[in-house]
Structures are given as C-alpha cells and as structure tokens.
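# Breakdown of the fold
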Amino acid sequence: MPPPIASKLPKVGTTIFTVMSQLAAEHKAVNLGQGFPDYMPPAPLVEALARAMAEGKNQYAPMTGLPALRQAIAAKVKRCYGRDVNVDTEVTVTSGGTEAIFDAVQAVVRPGDEVIVLDPAYDCYEPAVDLAGGRTIHVPLDPQDFGVDWDRVKAALTKRTRAVMINTPHNPCGAIFSKWDMEQLAALLEPTGAFLISDEVYEHIVYDGRRHESVLRFPALADRAFAVSSFGKTYHCTGWKVGYCVAPPALSAEFRKVHQFVTFATSTPAQAAFAEMMAKHPEHDEGLSAFYQSKRDAFAEKLRGTRFRPLPVPGGYFQLVDYSAVSDLDDLAFCRWLTIEKGVTAIPLSPFYEAPPKGQRLARLCFAKADATLVAGIERLGRI
Ligand code: GLN
C-alpha cells in the first residue's frame, strides 16, 4: 500500500480534451472536440525533421533552444511585430506553449500571490498558479461577445496581483483583443508591479483582414511580459510539442531557471526542422489566416443549415455554437449526448469557468479538420 496522498490539485481531473477524445474514440464519433488538425504538416517541415534525425541531430539541444531557431523566432518577431529581441537573452524554446506558461507562472508567482485570468480561461492556467501556491482571480468576459470589461479587471487588481494572464486569439471563444484592449491593459498595468503572461499560440490565425495585437507590438506591455507562442498550431503539428517564450532579459533569466529543470531542453530534430522551415518559407504563417478562413466560412455556412447557431469567430480555429434550439441539457451532459447518441464530439465551455454563466448553452467545435471530416460532422449535426 502506498502512503496516503493528499492531492496538490484536488479540483483537477483528466482534462476535458482528453475525456472527450476518449469518448469520441469509444463511440466512433466525428471528433470536432480536441483542437488538433487531422491533416499533415507542410511537406518541407516533415522532410526537414526526418533529415535532421538522419543527420544525427539526436542529442540534447542547448537549454535555451537551438541558436538557429532562436534567430528565426527573433526575425519573425521583428517582421510581424516590429520588436527587436535579443536572440541570446530574450528567446527561449520550450516543449510547447503549455510548458512555457507553466514556467512563466513558476518563475514569478509565490505563495499568496494573485493571478488574474479572464473566464472562460484555458485549462492549464489555474493549475500552474495552484502549484506555485498562488490564487487565481477569475474575471468573466462578456457572455455575449467575450469582450473584456477593463473596469472589472481594474477592480480585481490588488497589491497582491503578481500577474495577469491573457489569451488572444482566444481559446475556447475565438475572440481577439483590439489595439484599444491592449492600450487599456497597458494603462491598467502601468502603475503596478504585475507581470503579463500572454498566450498567443493562435497568433497567425485572425480573420477578415484584422491583425493580431501581440503584446510584442506594445513596448509598455512587452517590457513586463512573457509572450508565449507555439509551432503546433502554425505548422499543423500539435504533437511535436515545440513552443517558445519571448521576455525581457531579467524575466527570461528566471524563466530559464524553471525551464531547465522542467524539461531541460526541447526536441533537437524538431527544433532544427522549424529553424529550416522558417528560414526557407517565412511566408508560411502569412497564408494561414486565409487557409483557415475558408474552412471557417464553409463550416459556418453549413452550420446555418442546422439547428445549431454559429457565433462570430474573429480568430483561432474554434467555432462556438449555441445549441439552445436543440436541447436544454447543460453543456457537459449535452456534449456527452452529442458524442454517444449523435456521433459528433464537441467541447463544453463550463470547464473553462470558475462560475459558468447560468443557462449558457454553448459548445466548441474545432474546424482545423479536413473538409471531409467537417462535412461528415455537419451531416450528422444536420440530422438532429
Ligand atoms: N489546445 C487544445 C484544445 O484547446 C487541447 C490541448 C490538450 O488536449 N491539452 O483543444
């Protein structure tokens, strides 16, 4: 018998993504739940990975990341957001965006500190804060358009606020921050000592000619921020688990102390492959919004022929649908029913809230799927 274990994360079970993917597999449902593409990464990237392994790039990478990849990231930050970042002191490659978020939280949050998140908030934020001994303060987004009420954020800021976490484009809602939002945030943080942890893993997926407002565009924000991104969404390879964090030197130094004992270093051949891909095909990320916009539009159009009502999607690759014309079940029960009885898997929203809005009847569908998968999903939704 092992000794009794008191959980450090008593509220945490298996993530909703894993739960729903398992249920989808059990019931052979069309899986529009967990956010991962069911198509291949770009061929030159796959070839570069195979070649990197064949060439013997199979041992530990430098702790902070391969220099060629850090250079490519710095060049991208300059090209996209106009910020000069030092390749050696401000860019760290991690094993995915989730690791980077965890590292940033552990680097700055101490017992008793408060961290503000905006609900619905991606599921890995609060456990990271809990493990650091901090307290998560949940500020709800507008339940209609998922905009931020900056007065509520202001009211939540206290002397104990160690960090604010933001996510744009937003998962699960698809909302994006405007320039105005970023300016509000900068004004709120200006008199404080709070850090900013900005989850921007969908940075290259924004629609209808809008632009992504990275914290890296705003010196007042970037100077206090851990800007986190990932290659999984940009290059259709969520399973390779490579991400990165851009932060000022003093912040990166503390971030790296955590990173080096969480994973030490990130997959060497994958880093080599991304470095080559970014150098040879810098245009890849520029085509991504158009690629997903046509999926978004076709999917929403077909949804309008069903009893599910699609909500606007300014960014990211998730479509929220209002299912109140179909069912009055709560979202957890509804998503189970939809998978088991109707063969389509969606993600409920309530796990992303401290207190889900009463009577909210929304589910998240992922449209980063092959057209055939989306058509198969719609066909089943259309029969309901
Ligand atoms: N980011 C993915 C999503 O939102 C899931 C990642 C995971 O399964 N942890 O669906």
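Scope of this entry: the structure provided in the associated data block. These numbers were taken from a predicted model, which means no experiment stands behind them. (Residues numbered from 1 in each chain as written. Predicted model: local features only at pLDDT ≥ 70, side-chain atom pairs only at ≥ 80, totals over all residues. Heavy atoms only, no water.)

## Considering the site of the ligand
- As a matter of local geometry, the ligand sits amid Phe17, Gln34, Gly35, Tyr122, Asn171, Tyr202, Phe318 and Arg364.
- A distance of 2.6 Å is found between an oxygen atom of the ligand and a backbone nitrogen or oxygen belonging to Gly35.
- Burial of the ligand by the protein amounts to 79% of the accessible area it has alone, namely 300 Å². (Near = heavy atom within 4 Å. Polar contact = N/O pair within 3.5 Å; in protein donor to acceptor, adjacent residues only side chain to side chain. Areas by Shrake-Rupley, 256 points an atom, 1.4 Å probe, with all protein chains shown as cover.)

## What about helix H3 (residues 67-81)?
- The terminal C-alpha atoms of H3 lie 21 Å apart, and with 15 residues this matches the ideal 21 Å at 1.5 Å per residue to within 8%.
- Next to the buried residues of H3 lie strand S2 (91-94), strand S8 (243-246) and helix H10 (268-280).
- Phi for Gly82, located one or two positions after H3, is positive at around 75°. (Helix = DSSP H or I, 4+ residues; strand = E, 2+ residues; numbered from the N terminus. Expected span 1.5 Å × (residues − 1). Contact = heavy atoms within 4.5 Å.)

## Brief notes about the pairing of strand S13 (residues 362-366)
- Among the 5 residues in S13, 5 count as buried, and that is most of the element.
- Across 5 bridges, the pairing between strand S10 (residues 318-322) and S13 is antiparallel. When the bridges of S13 are listed, Gln319 appears paired with Leu365.
- As paired strands, strand S12 (residues 347-348) and S13 are joined by 2 bridges and run antiparallel to one another. The residue bridging Pro348 from the neighbouring strand is Ala363, located in S13. (Buried < 20%, exposed > 50% of the residue type's maximum accessible area, 1.4 Å probe, protein only. Pairing = 2+ DSSP bridges.)

## Side note on the pattern of salt bridges
- The tally for this structure, following the rule as stated, stands at 25 salt bridges.
- Note that Asp285 and Arg79 form a salt bridge whose closest N and O atoms lie 3.4 Å from each other. Highlighted residues: Asp285 in the loop between H10 and helix H11 (288-303) and Arg79 in helix H3, separated in sequence by 206 residues.
- Asp285 gets classed as buried once you look at its relative accessible area, which sits at 7%.
- The salt bridge involving Glu213 is made with Arg211; its shortest N-O contact spans 3.0 Å.
- In this structure Arg211 comes out as partly exposed when scored by relative accessible area, which is 44%.
- Look at the salt bridges and you will find they share partners, linking Asp208, Arg210, Arg296 and Asp297 into a network. (Salt bridge = Lys/Arg side-chain N within 4 Å of Asp/Glu carboxyl O.)

## Details of the sheet that holds S12
- One open sheet holds the 4 strands; their spatial order is S9-S10-S13-S12, and the pairing between them is antiparallel. For this open sheet the edge positions go to strand S9 (309-310) and S12, each flanked by a neighbour on one side alone.
- Both S9 and S10 contribute to a ladder of 2 bridges, which runs antiparallel. The residue of S10 that forms the bridge with Pro310 is Val321.
- With respect to the sheet, H11 is in contact with S9, S10 and S13, its orientation differing from that of S10 by roughly 15°. (Axes fitted to C-alpha atoms, helices over the stretch in contact; angles between N-to-C directions.)

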